[in-house]
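# Summary of the model geometry
As a plain string of letters, each chain reads:
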Amino acid sequence: MARILVINGPNLNLLGTREPHIYGAETLADVCKHLDCVAAELCLGIAHFQSNSEGGIVSRIQEARGNTDMIIINAGAYTHTSIAIRDALCGVDIPFVEVHISNVHSREVFRHHSYLSDKAVGVIVGLGTYGYEAALRFCARRLRSSK
């Protein structure tokens, strides 16, 4: 069974209450529960991780080496600042999909640059929390076609 790791960065633990006009009313627990159902439908193993700490995210990426087939990552604000997360993703050589709930390109200029996008196999922005499901379905398709 293919294994997917979903990583959420800083402030995503506040989903549902943080700026719902931008991020919606679903909580992170709601997103994870939905992804668990979709993963079961797709016969994928799935693990979830959220941290407000850059070091925690780097450590979890490193722990994924050898036991994860793909990563879905919403690094939150670290997307625009973290060379450490970029280096960890490159270092473990696990394909990943970058996800953003909001359309970062329609927001503040500092959100337009990502340290991850050029290394990602795909980038999903602006689809709300459905972006996670789209990323998971993409991962399933990619892993099946690579067998």
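Computed from a prediction, not measured in an experiment: that's the story for all the values here.

### Focus: the packing of helix α2 (residues 28–41) against helix α5 (residues 130–145)
- Interaxial distance between α2 and α5 falls to 10 Å at its minimum, and their mutual angle equals 25°. Considering their axes alone, α2 and α5 lie roughly parallel with respect to each other. Along this stretch, α2 crosses α5, giving a crossing that reads as right-handed. When α2 is examined against α5, the residues Val31, His34, Leu35, Val38, Ala39 and Glu41 are found in contact with a partner set consisting of Tyr132, Glu133, Leu136 and Arg137.
- Looking at the contact of α2 with α5, its residues break down into six nonpolar, one polar and three charged.

### Some details on the UniProt feature "active site" (unreviewed entry) in the protein
- Listed under "active site" (unreviewed entry) in the UniProt record, and renumbered for this structure, are Tyr23 and His100. Annotated residues spanning 78 residues; largest pairwise C-alpha distance 9.6 Å, indicating a single compact cluster.
- By the element assignment, tyrosine 23 lies in helix α1 (residues 20–23).
- Excluding residues that lie within four positions of it along the chain, tyrosine 23 makes contacts with Leu15, Arg18, Ile101, Ser102 and Arg107.

### Considerations on the sheet that holds strand β1 (residues 3–8)
- With parallel pairing, five strands are arranged side by side in an open sheet as β2-β1-β3-β4-β5. With partners counted over all chains shown, the strands left at the sheet margins are β2 (45–50) and β5 (122–125), one partner each. Across the sheet, the axes of successive neighbouring strands diverge by a mean angle of 15°, strand direction being ignored.
- In this structure, β1 lies alongside strand β3 (residues 70–74), joined through five bridges in parallel fashion. Looking across to β3, one finds that isoleucine 7 is bridged to isoleucine 73.
- Helix α3 (residues 54–63) rests against β1, β2 and β3 of the sheet, and its axis sits at about 160° to β2.

Here is what the cut-offs are and how they apply
Residues numbered from 1 in each chain as written. Predicted model: local features only at pLDDT ≥ 70, side-chain atom pairs only at ≥ 80, totals over all residues. Heavy atoms only, no water. Axes fitted to C-alpha atoms, helices over the stretch in contact; angles between N-to-C directions. Helix = DSSP H or I, 4+ residues; strand = E, 2+ residues; numbered from the N terminus. Parallel < 35°, antiparallel > 145°, perpendicular 65-115°, else oblique. Left-handed = near helix turned anticlockwise from the far one by under 90°. Contact = heavy atoms within 4.5 Å. Nonpolar A, V, L, I, M, F, W, Y, C, P; charged D, E, K, R; others polar. UniProt positions renumbered as here; feature names shortened; annotations may be inferred. Pairing = 2+ DSSP bridges.

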